[in-house]
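Summary of the model geometry
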Amino acid sequence: MTTSDEWIDDPDGTFVIGSRALSATSSPRQRTHYLLFTNGPEQGRRIEINEDPVVIGRSHEVDITLQDTGTSKRHCRVVLRNARVRVTDLGSTNGTYLDDKKLEETAILPPESFLEIGSHVLKHEFRDRAEVEKSDQISEELETAQKYVQSVLPPPMNEKGISIEWTFVPSSTLGGDSFGYHWIDDDSLALYLLDVSGHGVAAAMHSVSVLNTIRHESLPHTDFLDPQSVLTKLNDVFQMDEHGGVYFTLWYGVYDIRTRQLTYSVAGHPAALLATGQDMRQLKTKGMPIGLYPGAPYRNETAEIDEFAVLYVFSDGVFEVRTIQGADWSFGELQDKLLHLRQTEASHSGEILKLVENLTGQRKWEDDFTIFTVRFTSRTQ
Amino acid sequence: MELQFEDDENKIRTITLTGRLDTAGVAQVEVRFNALMGPKTKNVILNMTCVEFLSSMGIRMLVTAARTCHRHHGKLVILSPQALVAEALETASLTDVIPIAASVAEAE
């Protein structure tokens, strides 16, 4: 073992002191100052702040160029001096704000404070460089996984008197939502949405794995026209003890265009909503989430689909949100809002997203926001 | 998220949770909660009067605990959940395997 007093003969011919070589693993963490964009198109981007001044503005001649009409060509300068980050407004038209206070001249930017430049809000972080690099790597992996999930989702559909559109916004940590619809035969359309417990790449990959199983109908000895048999078989195959403690909820239905009947079964998932005229009916059945208990029972229910009915299938991320006032929103309130939306021709899924964004004041989601809307536009001849 | 517990003379363990049983809340209490489900723990009353929210991660924690009690030939009963929590339990159809009681006497 190397002691702190030894000299080590480095392979490239130089000498290093043993104590320094050892201290490489025990030195204090190397912390660095960063400005992190917390909103807008640059969200997630970090600028390292050191003793070389960084000028921020709209001009292409500055160090950091912002595409923002609220920003002056040379807006402000940020630099590290005597271990403190200092920010100076360069005579900008709209001003530079530090924690909501307009800068008069140079000010110290404390760690965790917020700098507002035009419409951009930047947070001062003082963090371990290795930790930041690791966090960036995780973000990249989440982004890759997110793209993969989105690549397996179906395009909007409009055929045989049925039109389907959807809105899917992954949570900031990537949740386990996925969904799909496909024709089992010429007359039978399968509709399904699942939500895997937990967040991150593992939940997303498990979700896609289940989604592929359903859309490729790859469960052995299973009639995909019969929802309860699909859920029963999935529960056999995806027990959480054999899948990293992960389970999922599922809403699965099959619509027959000849009989205009929707047969569905639910595994611990929020009810879907069927709007007919001024009525809103909850489509739910009793059934545990898939993977929690071996042998859990599932059962089918059937709904008649009237002309111009609308079906909403969604995950709990759509209504389990907190309003700006700090109150929990509820399923019932979502149901009321959807009833009002019945009269509009706009994308109902998109309208609900806007509504929830306004309610919560958030653009970053704690859980996946997933809703798909099925409009039964006319009777099939 | 806070967790407290006490054992009575009949060896019934009452665990009281306070706060939001979401991902962050579960991360705060899960290790201690699971540790309270040792081999000698059979019957557990989980007081959820002060739990405002139950997420999928919270449901997993409860189901794991219920299964553990079942393995020990005991039972987990949830006491007085708030409306939103009761709704989440109903949606997940968990009330068959994790009964809900309105009072301590009913839970016992």
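Before going into details, it helps to say that this report is about the structure given with it. Every value quoted in this text rests on a predicted model; they were computed, and no experiment measured them. (Residues numbered from 1 in each chain as written. Chains lettered and ligands numbered in written order. Predicted model: local features only at pLDDT ≥ 70, side-chain atom pairs only at ≥ 80, totals over all residues. Heavy atoms only, no water.)

1. What to know about the sheet that holds strand β3 (residues 31-37) of chain A
Residue and element names in this part refer to chain A. If you walk across this open sheet you meet the six strands as β4-β3-β13-β12-β9-β10, and the pairing is antiparallel. This sheet does not close on itself; its edge strands, each paired only once, are β4 (46-49) and β10 (101-102). Strand direction decides the pairing type here: strand β9 (residues 96-98) and β10, joined by two bridges, are antiparallel. Along β10, the bridge assignment pairs Y97 with K102. Sitting on the sheet, helix α2 (residues 129-151) is in contact with β3, β4 and β13 (120-128), with an inclination near 125 degrees to β13. (Pairing = 2+ DSSP bridges. Helix = DSSP H or I, 4+ residues; strand = E, 2+ residues; numbered from the N terminus. Contact = heavy atoms within 4.5 Å. Axes fitted to C-alpha atoms, helices over the stretch in contact; angles between N-to-C directions.)

2. Brief notes about unusual backbone geometry
All names here are of chain A. For A83, which is not glycine, the phi dihedral falls at a positive 65 degrees. On the secondary structure map, A83 appears in the loop between β7 (76-81) and β8 (84-89). Positioned with a positive phi, E217 is a non-glycine residue whose angle comes to about 50 degrees. Along the chain, the position of E217 falls in the loop between α3 (201-215) and α4 (227-237).

3. Re the pairing of strand β2 (residues 12-21) of chain B
Residue and element names in this part refer to chain B. Judged by how many residues are buried, β2 sits mostly within the fold: eight of ten residues are covered. Relative to β2, strand β1 (residues 2-7) runs antiparallel, the two being bridged by six bridges. Each residue of the ladder has a partner; that of Q4, found in β2, is T16. Between the antiparallel neighbours β1 and β2 lie four residues, among them K11 with a positive phi of about 65 degrees. In terms of strand pairing, β2 meets strand β3 (residues 43-54) through nine bridges, oriented parallel. Its bridge partner lying in β3, G19 is registered against V51. For the handedness criterion, the β-α-β arrangement of β2, helix α1 (residues 23-35) and β3 is classed as right-handed. (Buried < 20%, exposed > 50% of the residue type's maximum accessible area, 1.4 Å probe, protein only. Right-handed = clockwise from strand over helix to strand, strands pointing away.)

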